[in-house]
Amino acid sequence: MGSDFEDNWCKYQPFELGECEDLENYEPGGFHPVHLGDVYDSHYRVVHKLAFGGFSTVWLARETIANRWVALKIVAARESPTYVDRSVIASHHSIAGSHLFAIFDGQFWIDGPNGRHLCLVFPLLGPDLSKLSKGIYSRLKPAFAREISLQAAQALAQLHSNGLVRDLTVSNMALRLVDEFDLYEESDLLKLFGRPRTAPLRTYSGKPPGPHAPDYVVVPLDFCSSTTNVLRSEICVFDFDQSFTTTGPPPERLGIPVKYLAPEVAVGRPASSASDVWALGCAIFRIRSGDDLFFDYDTNSPGDALRQIVKAMGELPEEWKQTRFNSEGLAVADGEESKLFWSFEEKRPLEDRVRGIVDEPPGLFINGLGEAVEATDDEPDAAIFDGDAILREPYAAAFRSMTWKPTAVCVAGSHFTAYSDETDDMLEAFPRISEPEASLLFDLLSKVFTYDPATRLKAEELVTHPWFHLATAGRTRNVRTRKVKNGIQIVSM
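In this text, all values refer to a predicted model and were calculated from it rather than measured experimentally.

> Explain the overall build of the protein to me, and be specific about the residues and the numbers.
Looking only at helices and strands, the protein features 15 helices and 21 strands. The buried share of the protein, reckoned over its 493 residues, is 51%. Summed over its atoms, the accessible surface of the protein is roughly 22,500 Å², and 51% of this surface lies on carbon and sulfur atoms.

Shown next, in the form of structure tokens:
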């Protein structure tokens, strides 16, 4: 049975320690199999995994010549021949000389069992924003979210002022590291973050995964797992493989994640600086809320994304309603086998989504009303799995101004472990975004998410919006005085 499953669908069993790269892409034309301790180009020694994407895996490596830490990006073989050519704006002077952007400063090629791979050497950055603002697993503090959202808007304004277009998503923006990080030795990293967590890569057939796949899969480095904060409050934009100039728009749709697609791009029109602003609006909502605005579990194509947009923004312009989509959800010309666009009856208006943003509760232990309680009031069950125990650990005090972890909050004796039927009920106990901030954020996004690209805010107009400059707002749901069973009072705030 396992062999039939492998032949018809998957070769590799799911990774048991969480998210990882697409294991099925360990095949000819796909990812290069990397092991800890591997040395590339004679002086880049792999120490840990940093990240992964659809086109590459990224590794923490020590460059032995310059004695510095770098991010080594190993591109999938099928993508390697055209990867640098797609990064058309990376060499532009406005990017190369700006602290808001990071470009590769070295490259070489390797041959492996899956083909010939381009390897790019980048300055080492911290976690990308998709890891720091991720639903119930990690959230950014409101003031910090606004601060880095402003930096993202400033980066986009700088690009557009130089005639450059590059969609900004939470996956291509990362926090910079403190300058002292390069002084750390490998032994220092072990003290800070512990040894890399790995698990064997298993096949359904029972055969060894090599030579096309690695012997084991590595959990990416979690920069927030230490008690020492090595992150700076500065973002940096990286990866320019989906970029172009305003004078040379791409002939085909770029590989922009569908949840960031502007509606005009979804219906087949070319990307532009206006569609860049739409993508930034999507990123801002994710940074502040932890959730993607135009996304659901089955959002896989431009047509799917357009249905999510209609849910939040209302009916499409009449012209766009006539767009036909093929079986893959791509807009096509009349005459091709296709179907007219259709939308859901369900609506989730933008204003409701904004005002529903969940914020940090008054303590790690709260009851169903959102009131802080003593830990002994609702003693949680012990964690069954190691992964659950990690989720329950709050971020260290050193990260207090940046991040907080919803899964570390115990709600009426229960912790989040994953999204489930109980998730929404538990989130009801959390406070919501303050009224003043919600009004300003809704105003900002309403001017970004317009169907007519011509009426959309320009990037240089975005940076002056008052939401970015809002003083820290108080919570809308205060802690109420309550006598707990051990006689201790929770004082009102």
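> Go over the packing of aromatic side chains, please, and point to the residues and values.
Taken as a whole and assessed by the stated rule, the structure comprises 18 aromatic pairs. Through a chain of ring-to-ring contacts, three or more aromatic side chains come together here, namely Phe 181, Tyr 184, Phe 193 and Phe 223. Taking NZ or CZ as reference, Arg 62 lies 4.6 Å from the ring centre of Trp 69, over its face. Note that Lys 259 overlies the ring of Phe 295, its terminal NZ or CZ placed 4.8 Å from the centroid.

> Pulling in residues and values, what's your account of the sheet that holds strand E16 (residues 339–340)?
A sheet is described by the order of its strands in space; here three strands give the open sequence E15-E14-E16, paired in antiparallel fashion. Every other strand in the sheet has two partners, leaving strand E15 (331–332) and E16 as the edge strands with one partner each. Where strand E14 (residues 324–325) and E15 come together, two bridges link them in antiparallel fashion. Looking at the pairing, Phe 325 lines up with Ala 331 of E15.

> Break down the sheet that holds strand E4 (residues 68–75) for me, citing the residues and quoting the values.
Strand order in the open sheet formed by six strands is E1-E2-E3-E4-E6-E5, with antiparallel pairing between adjacent strands. Either end of the sheet is taken by a strand with one partner, and the two such strands are strand E1 (39–40) and strand E5 (106–112). Bridge count between E4 and strand E6 (residues 115–123): five bridges; the pairing is antiparallel. For Val 70, the partnering residue across the bridge sits in E6 and is Pro 123.

> Can you lay out the packing of helix H5 (residues 142–161) against helix H8 (residues 273–289) for me, pointing to particular residues and giving the numbers?
Relative orientation of the contacting elements H5 and H8 amounts to 165 degrees, with a least axis distance of 10 Å. Considering their axes alone, H5 and H8 lie roughly antiparallel with respect to each other. You can see that H5 and H8 cross each other, and the crossing is right-handed. Contacts between H5 and H8 involve Pro 142, Ala 145, Ile 148, Ser 149, Ala 152, Ala 153, Leu 156 and His 160 from the first element and Ser 273, Asp 276, Val 277, Leu 280, Ile 284, Ile 287 and Arg 288 from the second. Looking at the contact of H5 with H8 residue by residue, the class counts come to 10 nonpolar, three polar and two charged.

> I'd like a description of helix H14 (residues 435–448), backed by residues and values.
Over its 14 residues, H14 runs 20 Å from end to end, which matches the ideal 20 Å to within 8%, given 1.5 Å per residue. Among the residues of H14, those classed as buried are Glu 437, Ala 438, Leu 441, Leu 444, Leu 445 and Val 448. In a view along the axis of H14, the buried residues occupy a sector of 130 degrees, so they form one face of it. The elements touched by buried residues of H14 are H5, H8, helix H11 (350–355) and helix H15 (459–462).

> Can you lay out the pattern of salt bridges for me, pointing to particular residues and giving the numbers?
Applying the stated rule across the entire model yields 32 salt bridges. With its nearest N and O atoms 2.9 Å apart, the salt bridge here joins Arg 232 to Glu 234. In this structure Glu 234 comes out as partly exposed when scored by relative accessible area, which is 27%. Among the ionic pairs, Arg 355 bridges to Glu 351, the shortest N-O distance being 3.0 Å. Residue Arg 355 and its partner Glu 351 are located together in helix H11, separated by four residues, close to a single helical turn. You can call Glu 351 partly exposed: its relative accessible area is 32%. When salt bridges that share partners are traced, they join Arg 139, Arg 146, Arg 288, Asp 359 and Glu 437 into one network.

> Give me the lowdown on the environment of Pro 453, citing residues and values where you can.
Take Pro 453: it is sitting in the loop between H14 and H15. Along the chain, Pro 453 and Glu 264 lie 189 residues apart, while their C-alpha atoms are 7.8 Å from each other. Other than its neighbours up to four places away in sequence, Pro 453 contacts Glu 264 and Ala 274.

> Outline the side chain of His 43, supporting the account with residue identities and numerical values.
Mapped onto the secondary structure, His 43 falls in the loop between E1 and strand E2 (44–52). A polar side-chain atom of His 43 sits 3.2 Å from a polar atom in the side chain of Ser 42. In contact with His 43, other than residues within four places in its own chain, are Arg 62, Glu 63, Thr 64 and Ile 65.

> Can you explain the pairing of strand E9 (residues 173–177)? Please cite residues and give values.
E9 sits mainly inside the fold: five of its five residues count as buried. Here E9 pairs with strand E12 (residues 231–237) via four bridges, running antiparallel. If you follow Ala 174 over to E12, its bridge partner there is Cys 236.

> Account for helix H6 (residues 186–193), with residues named and values stated.
If you check which residues of H6 are buried, you get Leu 189, Leu 192 and Phe 193. Taken down its axis, H6 places every buried residue within 70 degrees of arc, on the same side. Buried residues along H6 sit against strand E3 (56–63) and E4. Just beyond H6, the residue with positive phi is Gly 194, at close to 80 degrees.

> Describe unusual backbone geometry, naming the residues involved and giving the relevant values.
Cis peptide bonds are those with omega within 30 degrees of zero, and the linkage from Gly 210 to Pro 211 qualifies with 5 degrees. One can find Pro 211 in the loop between strand E10 (198–200) and strand E11 (216–218). Notably, Asp 41 is not glycine yet its phi reads approximately 50 degrees, a positive angle. On the secondary structure map, Asp 41 appears in the loop between E1 and E2. By relative accessible area, Asp 41 is classed as partly exposed at 38%. A positive phi angle, close to 50 degrees, is found at Ala 412, a residue other than glycine. Within the fold, Ala 412 resides in the loop between strand E19 (410–411) and helix H13 (423–427). Classification of Ala 412 by relative accessible area gives partly exposed; the value is 43%.

The rules behind each value
- Residues numbered from 1 in each chain as written.
- Predicted model: local features only at pLDDT ≥ 70, side-chain atom pairs only at ≥ 80, totals over all residues.
- Heavy atoms only, no water.
- Helix = DSSP H or I, 4+ residues; strand = E, 2+ residues; numbered from the N terminus.
- Buried < 20%, exposed > 50% of the residue type's maximum accessible area, 1.4 Å probe, protein only.
- Areas by Shrake-Rupley, 256 points an atom, 1.4 Å probe, with all protein chains shown as cover.
- Phe/Tyr/Trp six-rings, centres within 6.5 Å; stacked < 30°, edge-to-face > 60°.
- Lys NZ or Arg CZ within 6 Å of the ring centre and 35° of its normal.
- Pairing = 2+ DSSP bridges.
- Axes fitted to C-alpha atoms, helices over the stretch in contact; angles between N-to-C directions.
- Parallel < 35°, antiparallel > 145°, perpendicular 65-115°, else oblique.
- Left-handed = near helix turned anticlockwise from the far one by under 90°.
- Contact = heavy atoms within 4.5 Å.
- Nonpolar A, V, L, I, M, F, W, Y, C, P; charged D, E, K, R; others polar.
- Expected span 1.5 Å × (residues − 1).
- Arc of directions from axis to C-beta.
- Salt bridge = Lys/Arg side-chain N within 4 Å of Asp/Glu carboxyl O.
- Polar contact = N/O pair within 3.5 Å; in protein donor to acceptor, adjacent residues only side chain to side chain.

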